[in-house]
Amino acid sequence: MINEAIIDSLIFDDKGLIPAVVQDFFTGEVLTVAYMNRESLNITLKEKTTCFWSRSRQELWRKGETSGNRQHIVSIKADCDCDALVVRVIKDGPACHTGAESCFFNLLYADDERSDFSIDALYDLIAGRKTTMQEGSYTTYLFQKGLDKILKKVGEESTEVIIGAAKQSKEETIYEIADLAYHLLVLMVEMGISPDDIRKELDSRHVIDHKVKQETMQ
């Protein structure tokens, strides 16, 4: 659905541009801030993938045109003044030209009393261990030992989860699930599987289940 009334009310600056905050549909993470003009916005709406106006090159810029890391549009919202956009996307790959998942990775400040933990951040940390092979790191040790060792640990941790749950120990089960989740992330990095790959798979199953329910009700 395209709301023509909202599009007509958008306010572009004196250079004909409007800022667009691109946000990951699954995680809510801000991926990048870019600019659109009327033409790039129209292309975005038509092709359902992000197209921006490059201020440095002074030309249209279809995200992923060369890298393959396209961003598929889920929704676009304007703010209360209609002079800025939030674009929610499902991305095919890293959003940043550096290879990072998001352009926002330079930490200026963090509240020491609040955790900034996320599965994506842990995944990135584990991926970094595979790249740099930091001496003394358990994660590095797993990568050095290879897939067989990683699979063995996944199997062991799965068993520990079952044992904890069978004892109906919530604390033990939480602890063992955390261990299993960590080793699954190591396996994902080893096999080149990203958190987005899992999200997309789960999302596709949700859609299928929803359709099945609708068909059953008919």
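See the structure printed just above.
None of the values given here were measured: they were computed from a predicted structure.

K.L.:
Any chance you could explain the packing of helix α3 (residues 119–132) against helix α6 (residues 170–191) here in plain terms?
P.N.:
When two helices pack together, their arrangement is captured by the angle between the axes and the distance separating the axes. Closest axis-to-axis distance for the α3/α6 pair is 9 Å, and the angle between their directions is 55 degrees. Between α3 and α6, the angle falls in the class oblique. As α3 packs across α6, the resulting crossing turns out to be right-handed. Two secondary-structure elements touch here, α3 through Ile119, Leu122, Tyr123, Ile126, Ala127 and Lys130 and α6 through Tyr182, Leu185, Val186, Met188, Val189 and Glu190. Residue classes in the contact of α3 with α6 are distributed as 10 nonpolar, no polar and 2 charged.

K.L.:
Help me out: how do you make sense of the sheet that holds strand β5 (residues 71–78) in this one?
P.N.:
The pairing of strands in a sheet comes from backbone hydrogen bonds and takes either a parallel or an antiparallel form. Read across the sheet, 4 strands follow the order β2-β1-β6-β5 without closing on themselves; strand pairing throughout is mixed. A strand with exactly one partner marks an edge of an open sheet, and here the two such strands are β2 (30–36) and β5. Averaged over all pairs of adjacent strands, the angle between their axes in this sheet comes to 25 degrees, without regard to strand direction. Pairing geometry for strand β1 (residues 18–24) and strand β6 (residues 85–91), over 5 bridges, is parallel. The residue bridging Val21 from the neighbouring strand is Val86, located in β6. Sitting on the sheet, helix α2 (residues 38–47) is in contact with β2, β5 and β6, with an inclination near 120 degrees to β5.

K.L.:
What am I meant to see in the side chain of Asn69 here?
P.N.:
Its place among the elements puts Asn69 in the loop between β4 (59–62) and β5. A distance of 3.5 Å separates a polar side-chain atom of Asn69 from the backbone oxygen of Pro94. If we skip the residues at most four places from it in the chain, Asn69 touches Lys63, Gly64, Asp92, Gly93 and Pro94.

K.L.:
Hey, could you run me through the environment of Tyr35 in this one?
P.N.:
Within the secondary structure layout, Tyr35 lies in strand β2. Each C-alpha atom of the pair Tyr35 and Leu142 lies 43 Å from the other, and the pair is 107 residues apart in sequence. Setting aside its immediate chain neighbours within four residues, Tyr35 contacts Leu17, Ile18, Pro19, Phe52, Trp53 and Arg55.

K.L.:
Looking at this structure, I do not really get the state of the cysteines. What am I missing?
P.N.:
Each disulfide consists of a covalent bond between the sulfur atoms of two cysteine residues. Taken as a whole and assessed by the stated rule, the structure comprises 0 disulfides. For Cys80, which is in no disulfide, the shortest distance to another cysteine sulfur is to Cys82 and amounts to 8.2 Å. Accessibility expressed as a relative area gives 75% for Cys80, which makes it exposed. Cys96 provides the cysteine sulfur closest to Cys103, a residue in no disulfide bond, and the two sulfurs are 3.9 Å apart.

K.L.:
What is the right way to read the packing of helix α5 (residues 147–166) against α6 from this model?
P.N.:
The geometry of α5 relative to α6 is characterised by a closest axis approach of 8 Å and an angle of 160 degrees between their N-to-C directions. Considering the angle they form, α5 stands roughly antiparallel to α6. In terms of crossing hand, the pair formed by α5 and α6 is left-handed. In this structure, α5 contributes Leu147, Ile150, Leu151, Lys153, Val154, Glu157, Ser158, Glu160, Val161, Ile163, Gly164 and Ala165 to the contact, and α6 contributes Glu172, Thr173, Glu176, Ile177, Asp179, Leu180, His183, Leu184, Val186, Leu187 and Glu190.

How each quantity is defined
Residues numbered from 1 in each chain as written. Predicted model: local features only at pLDDT ≥ 70, side-chain atom pairs only at ≥ 80, totals over all residues. Heavy atoms only, no water. Axes fitted to C-alpha atoms, helices over the stretch in contact; angles between N-to-C directions. Helix = DSSP H or I, 4+ residues; strand = E, 2+ residues; numbered from the N terminus. Parallel < 35°, antiparallel > 145°, perpendicular 65-115°, else oblique. Left-handed = near helix turned anticlockwise from the far one by under 90°. Contact = heavy atoms within 4.5 Å. Nonpolar A, V, L, I, M, F, W, Y, C, P; charged D, E, K, R; others polar. Pairing = 2+ DSSP bridges. Polar contact = N/O pair within 3.5 Å; in protein donor to acceptor, adjacent residues only side chain to side chain. Disulfide = S-S within 2.5 Å. Buried < 20%, exposed > 50% of the residue type's maximum accessible area, 1.4 Å probe, protein only.

Read these as spatial facts, not as claims about activity.
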